[in-house]
Amino acid sequence: MRLTYRHTLLASYLGYITQAIVINLSPLLFVTFQQSFGVSIERIALLISFNFIVQIATDYLASRLVDRIGFRVPVVLAHVVAVLGLVLLAVLPGPVAPYPALLIATLFLGVGGGLTEVLISPIVEALPGEEKAGAMSLLHSFYSWGLVCVVLLSTGFFALFGRTAWRFLPIMWALVPFVNIFLFAKVPLRPLVAEHERQRARTLFAQPIFWLLLLMMVCGGAAEQAMSQWASLFAEVGLGVPKAMGDLLGPCAFAAMMGLARVYYGFMGGKLRLRRAMGLSAALCVVGYLIAVFSPWPLLSLVGCALTGLAVGLMWPGSLSLSAAAFPLGGTAMFGIMALAGDLGCTVGPMLVGRVSGLVERGGLARAAAWFQGTGAETGLKLGLLFSIAFPIVMIVAIAALGRRARPSTFYQRSSDESLDKLTDE
């Protein structure tokens with residue numbers, strides 16, 4: 001069978017589902033790791049941070065190499081490493097001491113996730129077609145739908161077989177990247193920018209608008225993952241909701257709302273004023289966090305989690321779309337730098353929640369913790385999530401500054417009128 005660019009797009013969608021698996025499967029197992037291996041919340045926070053630190057390092061290396069060697073070898077390698085990470089997550093704890101085993105598996109998962117993040121967006125950006133922003137948002141929605149599938153199917157697995165059978169779960173999920181290895185080995189791929197036209201990274205960093213876009217990526221990643229990574233544990237420990245219900249109404253609802261926001265923008269495309277929509281999303285994110293933290297009713301807190309998912313849905317793909325519009329000659333290096341900034345946010349956001357939670361459990365932040373009633377773990381998680389509203393607030397400021405700086409003189413000549421409109425839509 002002759003493979004076409006439609007198959008390339010399908011492989012890219014599966015690539016983002018793979019990304020959802022390698023980032024979000026472990027958080028569903030955090031309570032299991034606590035109960036089976038005695039892993040503390042602070043050590044769980046270190047696992048999250050280590051995953052994204054590895055992704056950051058991978059982003060950096062990949063952004064320097066991919067334009068030279070092309071897409072195919074690294075994107076196939078990304079899926080091979082993801083398969084290895086998932087298998088090691090299942091089989092390594094036991095033969096190796098549990099926590100070092102989890103770190104080793106997380107290392108492989110981080111490399112696979114980092115390569116996927118750097119490569120898939122420019123692969124889709126390079127495909128034929130005009131409506132790039134909508135295509136980018138629709139692509140990123142598959143991360144959200146992948147997360148929904150991870151939560152739903154994993155919850156069903158635990159309901160059928162119990163938590164003691166958790167080791168089979170990563171091996172089952174490894175089938176997705178395994179299939180995608182063979183797809184990406186064969187599908188047609190296009191270079192994003194011809195080598196002689198490509199802008200160097202130092203040219204990007206010389207533009208003040210690029211720093212604002214990087215800041216938006218950091219805040220978007222932090223606002224998204226601070227809730228996404230801790231939603232399952234927050235529902236079970238912080239709100240006292242049974243695991244199955246907590247996972248369905250916490251991370252699953254979060255992901256579904258995030259996916260709906262991305263699909264909506266994917267189909268609306270150029271009809272939305274992107275920067276204004278992102279500003280409204282950041283404001284809604286603040287509201288969602290406040291509801292999740294301060295609601296006296298667990299179900300309403302979970303509604304706040306879901307509202308946060310709706311709010312963050314546009315942040316990551318929107319920032320990428322604005323970057324591609326502002327710097328159309330940036331090439332894969334630009335996407336790699338943006339992914340690095342996003343993963344930096346993905347590290348800082350969950351780390352902040354974990355550090356604050358651990359500090360409260362040890363008796364710190366007593367005055368702030370007095371706002372809440374409950375156990376140390378419950379109070380710590382709520383206070384950590386409360387601190388996370390700083391990220392959408394900073395994004396609002398960055399978006400406002402972007403509107404003042406986004407003038408035609410800041411763009412390369414190949415920027416389209418539509419791209420300019422998206423940044424100067426005031």
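Residues numbered from 1 in each chain as written. Predicted model: local features only at pLDDT ≥ 70, side-chain atom pairs only at ≥ 80, totals over all residues. Heavy atoms only, no water.

A closer look at the overall build of the protein
We count it as follows: Elements are defined by DSSP. Helices are runs of H or I of four residues or more, strands are runs of E of two residues or more, and each kind is numbered from the N terminus. To sort residues, take the accessible area from a 1.4 Å probe on protein chains only and compare it with the maximum for the residue type: under 20% means buried, over 50% means exposed, and anything in between is partly exposed. Note on contacts: a residue pair qualifies if any of its non-hydrogen atoms lie within 4.5 Å across the two residues. Only the protein chains shown count as covering a residue, and every accessible area follows the Shrake-Rupley method with a 1.4 Å probe.
Along the backbone of the protein there are 20 helices and 0 strands. Burial status across the protein gives 60% buried among its 426 residues. For the protein, the share of sequence-separated contacts (at least 6 apart) that also reach a separation of at least 24 residues comes to 84%. Counting every atom, the protein has about 16700 Å² of accessible surface; 67% of that belongs to carbon and sulfur.

Considering the side chain of Gln 19
Mapping Gln 19 onto the fold places it in helix H1 (residues 5–28). The class of Gln 19 is buried, set by a relative accessible area of 2%. Beyond its immediate sequence surroundings of up to four residues, Gln 19 is in contact with Gln 55, Gly 113, Thr 116, Glu 117 and Tyr 143.

A look at the pattern of salt bridges
Inclusion rule: Whenever a carboxyl oxygen of Asp or Glu lies within 4 Å of a side-chain nitrogen of Lys or Arg, that contact is scored as a salt bridge.
Under the defined criterion, the tally for this structure stands at 1 salt bridge. Measuring nitrogen to oxygen at the nearest pair gives 3.3 Å for the salt bridge that ties Glu 224 to Arg 262. A residue pair is termed long-range when its members are at least 10 positions apart, and Glu 224 in helix H10 (residues 208–228) and Arg 262 in helix H12 (residues 243–268) qualify at 38 residues. Residue classification places Glu 224 among the buried positions, given a relative accessible area of 4%. Among the residues examined, Arg 262 registers a relative accessible area of 1% and is labelled buried.

Concerning the environment of Ala 341
As for its position among the elements, Ala 341 is in helix H16 (residues 331–361). For the pair formed by Ala 341 and Leu 214, sequence separation is 127 residues and the distance between their alpha carbons is 5.9 Å.

Section: the nonpolar core
Nonpolar side chains in soluble globular proteins tend to end up buried together. We count it as follows: Take the buried Ala, Val, Leu, Ile, Met, Phe, Trp, Tyr and Cys residues and link them wherever side-chain atoms come within 4.5 Å; each set so joined is a nonpolar core.
By size, the foremost hydrophobic cluster in this structure holds 131 residues, and its most contacted members are Met 216 and Trp 230. Looking at this core, the element that brings in the most residues is H10, giving 13 residues. When residues no more than four places from it in sequence are discounted, the contact partners of Met 216 are Met 278, Ser 319, Leu 322, Met 395, Ala 398, Ile 399 and Leu 402.

Remarks on the packing of aromatic side chains
Convention followed: Pairing of aromatic rings covers Phe, Tyr and Trp, the last through its six-membered ring, and needs centres within 6.5 Å; plane angles under 30 degrees mean stacked, over 60 mean edge-to-face, and all others mean tilted. Lysine and arginine charges are scored as sitting over a ring when NZ or CZ, respectively, is within 6 Å of the ring centre and within 35 degrees of the ring normal.
One pass over the full model with this rule turns up 11 aromatic pairs. Aromatic pair Phe 33 and Trp 166: ring centres 5.6 Å apart, planes at 80°, arrangement edge-to-face. Of this pair, Phe 33 sits in helix H2 (residues 30–37) while Trp 166 is found in the loop between helix H6 (132–161) and helix H7 (168–173), placing the two residues 133 residues apart along the sequence. Pair check on accessibility: Phe 33 and Trp 166 agree, each one buried. Plain terms: the ring middles of Phe 205 and Phe 210 are 5.5 Å apart, the flat faces sit at 75° to each other, and that makes the pair edge-to-face. Looking at Phe 210, the relative accessible area reads 0%, which means it is buried. Connected via pairs of aromatic rings, a cluster forms that spans Phe 205, Phe 210, Trp 211 and Phe 327. Above the ring of Tyr 99, the side-chain terminus of Arg 43 is found at 4.2 Å from the ring centroid.

Comments concerning H2
Taken together, the buried positions of H2 are Phe 30, Val 31, Thr 32 and Phe 33. Against H1, helix H3 (41–69), helix H4 (72–91), helix H5 (98–125) and helix H11 (231–238) lie the buried residues of H2. Residue Gly 38 follows H2 closely and has a positive phi angle near 70°.

Brief notes about the confidence of the model for the protein
Under the convention used in this document: On a range of 0 to 100, pLDDT expresses the predictor's confidence in each residue.
Looking at the protein, pLDDT values average 84 and 89% of them are 70 or higher. Counted against residues more than four places away or in other chains, residues 407–426, with its pLDDT under 50, gives 44 contacts.

Things to note about the packing of helix H15 (residues 315–326) against H16
To keep things clear, this is the line we draw: A fitted line through C-alpha atoms represents every axis, and for helices the fit uses only the stretch in contact; the resulting angles, taken between N-to-C directions, go from 0 to 180 degrees. Under this scheme an angle from 65 to 115 degrees is roughly perpendicular, one under 35 degrees roughly parallel, and one over 145 degrees roughly antiparallel; angles in between are oblique. Should the near helix be turned counterclockwise from the far one by less than a right angle, the crossing is left-handed, whereas a clockwise turn marks it as right-handed. By the convention adopted, Pro, Cys, Tyr, Trp, Phe, Met, Ile, Leu, Val and Ala count as nonpolar, Lys, Arg, Asp and Glu as charged, and the other residues, Gly among them, as polar.
At a closest axis distance of 11 Å, the pairing of H15 and H16 adopts a crossing angle of 150°. The angle between the axes of H15 and H16 places the two elements in the roughly antiparallel class. In terms of crossing hand, the pair formed by H15 and H16 is right-handed. In contact with Trp 316, Ser 319, Leu 320, Ser 323 and Ala 324 of H15, H16 contributes Met 334, Phe 335, Met 338, Ala 339, Gly 342, Asp 343 and Cys 346. When the residues that make up the contact of H15 with H16 are grouped by side-chain class, the tally is 8 nonpolar, 3 polar and 1 charged.

Digging into a nonpolar patch on the surface
Applied cut-off: Patch rule: a residue counts if its relative accessible area is over 30% and it has no salt bridge; like charges are joined within 9 Å, and nonpolar side chains (Val, Leu, Ile, Met, Phe, Trp, Tyr) within 5 Å.
Among the surface-exposed residues, Leu 152, Leu 153, Met 245, Leu 248, Leu 249 and Leu 299 lie close enough to one another that they form a single nonpolar patch of about 530 Å² accessible area. Those elements giving two or more residues to the nonpolar patch turn out to be H6 and H12. Element by element, the count of residues in the nonpolar patch is highest for H12, at 3 residues. With respect to the helices and strands, Leu 248 occurs in helix H12. When its relative accessible area of 33% is taken as the criterion, Leu 248 is described as partly exposed.

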